[in-house]
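# A closer look at the structure
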Amino acid sequence: MSLSTSPQLIKGGLVVLAPDGATPRRLIALQYNPETLSRSYQVQGTGGEGGGERGMPFRLKGPAIESIKLDAEIDATDQLEFPDRHPATVRHGIAPQLAALEALVNPSAAQLMDIDAQAAGGTLEIIPAEAPLTLFIWSANRVAPVRVTELSITEEAFDARLNPTRAKVSLGLRVLSTDDLGYAHRGASIFLTHLRTREALAAQGGTATLQALGIDSLP
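Predicted, not measured: the structure shown is a model, and the values here were computed from it.

With that settled, consider the overall build of the protein. Helix and strand counts for the protein come out as 6 helices and 7 strands. Along the protein, helices (α) and strands (β) appear in the sequence β-β-β-β-α-α-α-α-β-β-β-α-α when read from the amino end. For the protein, whose C-alpha radius of gyration is 23 Å, the value lies well above the compact-globule estimate of 17 Å for 219 residues. For the protein, the spread of C-alpha atoms along the principal axes amounts to about 70 × 65 × 35 Å. Looking at the 219 residues of the protein, the share that counts as buried comes to 28%. Surface accessibility of the protein: about 15000 Å² in total, with carbon and sulfur atoms responsible for 54%.

Pasting the structure below:
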């Protein structure tokens, strides 16, 4: 038996649930974790563009709107070295992985046909197709419900049948909060857990002193 001191490498990815959050439909693990991940926050303060009204400059109307962007790579090289173990990759390259990502931003063909049937039947108010609930997972400390807001795919290499074998994917995600989901939805409880986890992490940070900031007391 050989022992390895290398830490187990976990992967970031997405979990696609039914719209009500009850049943997992698909797991999408990133083949290679991206080296960078950018996050931005739009603060929801009271008032106009300045972010606050006179007399209420510290009031927050709701959770900040968090946006996440990352770039990932998908490559079939390792799988094609062992074609007997990966027949689907031999037949289709990385097209199945790309199609799984595309399904996050498109209604299904069945949903579109159902909408057309409702229109043909004279339905006055047709409810738009409902997207699945998607979770972004980046370690146990970051599990958040998200909506895919941007998807860009650059296919870079192809096999003899023009199946893509290497691609770069850019993902834009918007974290869904209680403002988006309400409090009864399962996604809202996942968001609140995400928020509590961040609060617990913040509490573990060190505390600086006023002297470290170059002053002995506050004015």
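The rest of the description comes next.
Counting across every chain of the model gives 5 salt bridges. A salt bridge links Arg39 to Glu66, with the shortest nitrogen-to-oxygen separation between them at 3.7 Å. With a gap of 27 residues between them, Arg39 in strand S3 (residues 37–42) and Glu66 in strand S4 (residues 65–75) connect regions that are remote in the sequence. For Arg39, a relative accessible area of 34% puts it in the partly exposed group. Among the ionic pairs, Glu150 bridges to Lys69, the shortest N-O distance being 3.9 Å. Here Glu150, found in strand S6 (residues 143–158), pairs with Lys69, found in strand S4; they are 81 residues apart in sequence, far enough to count as distant. Residues joined by salt bridges that share partners form a network here, namely Glu156, Arg166 and Lys168.

On the surface, Leu210, Leu213, Ile215 and Leu218 cluster together into a nonpolar patch covering about 390 Å² of accessible area. Looking at the element boundaries, Leu210 is found in the segment after helix H6 (186–203). Looking at Leu210, the relative accessible area reads 32%, which means it is partly exposed.

Inspection of the secondary structure puts Phe136 in strand S5 (residues 133–137). With 44 residues separating them in the primary sequence, Phe136 and His92 have C-alpha atoms 26 Å apart. Look past the residues within four positions of Phe136 in its chain and what remains in contact with it is Gly13, Leu14, Leu37, Ile68, Leu70, Arg142, Val143, Ala144, Val146 and Leu173.

As a further point, take the pairing of S5. Of all 5 residues in S5, 4 are buried, a share of seventy percent or more. Looking at chain direction, strand S1 (residues 13–17) and S5 are connected through 5 bridges and run antiparallel. Opposite Gly13, over in S5, you have Ile137 as the bridge partner. Here 4 bridges tie S5 to S6, and the two strands are oriented antiparallel to one another. Paired with Phe136 across the bridge in S6 is Ala144. Once S5 ends, the chain turns through 5 residues before running back antiparallel as S6, passing Ser139 with a positive phi of about 80°.

Take unusual backbone geometry next. Working note: non-glycine residues mostly have negative phi, and peptide bonds are mostly trans. Backbone geometry at Ser139 places phi at a positive 80°, although glycine is not the residue there. As for its placement among the helices and strands, Ser139 is situated in the loop between S5 and S6. Even without being glycine, Leu162 reaches a positive phi, approximately 65°. When you line up the elements, Leu162 lands in the loop between S6 and strand S7 (164–175). Judged by relative accessible area, which is 65%, Leu162 ranks as exposed.

The next subject is the layout of surface pockets. Put simply, the largest pocket is a space of about 620 Å³. Along the wall of the largest pocket there are 24 residues; nearest its centre are Leu104, Glu130, Ala131, Pro132 and Leu133. Residue classes in the lining of the largest pocket are distributed as 14 nonpolar, 5 polar and 5 charged. Approximately 240 Å³ is the volume found for the second largest pocket. Along the wall of the second largest pocket there are 17 residues; nearest its centre are Ala29, Leu30, Gln31, Ile74 and Gln97. Sorting the residues of the lining of the second largest pocket by element identifies strand S2 (24–29), S4, helix H3 (95–102) and S7 as the ones contributing at least two each. Taken together, the residues of the lining of the second largest pocket break down into 10 nonpolar, 3 polar and 4 charged.

Procedures and definitions
- Residues numbered from 1 in each chain as written.
- Predicted model: local features only at pLDDT ≥ 70, side-chain atom pairs only at ≥ 80, totals over all residues.
- Heavy atoms only, no water.
- Helix = DSSP H or I, 4+ residues; strand = E, 2+ residues; numbered from the N terminus.
- Rg over C-alpha atoms; globule rule 2.2 N^0.38 Å.
- Buried < 20%, exposed > 50% of the residue type's maximum accessible area, 1.4 Å probe, protein only.
- Areas by Shrake-Rupley, 256 points an atom, 1.4 Å probe, with all protein chains shown as cover.
- Salt bridge = Lys/Arg side-chain N within 4 Å of Asp/Glu carboxyl O.
- Patch = residues over 30% accessible without salt bridge, like charges linked within 9 Å, V, L, I, M, F, W, Y side chains within 5 Å.
- Contact = heavy atoms within 4.5 Å.
- Pairing = 2+ DSSP bridges.
- 1 Å grid on protein atoms, 1.4 Å probe; cavity = no way out; pocket = protein on both sides within 12 Å on 5 of 7 lines; lining within 4 Å.
- Points joined across faces, edges and corners; volume = space filled by probe spheres on them.
- Nonpolar A, V, L, I, M, F, W, Y, C, P; charged D, E, K, R; others polar.

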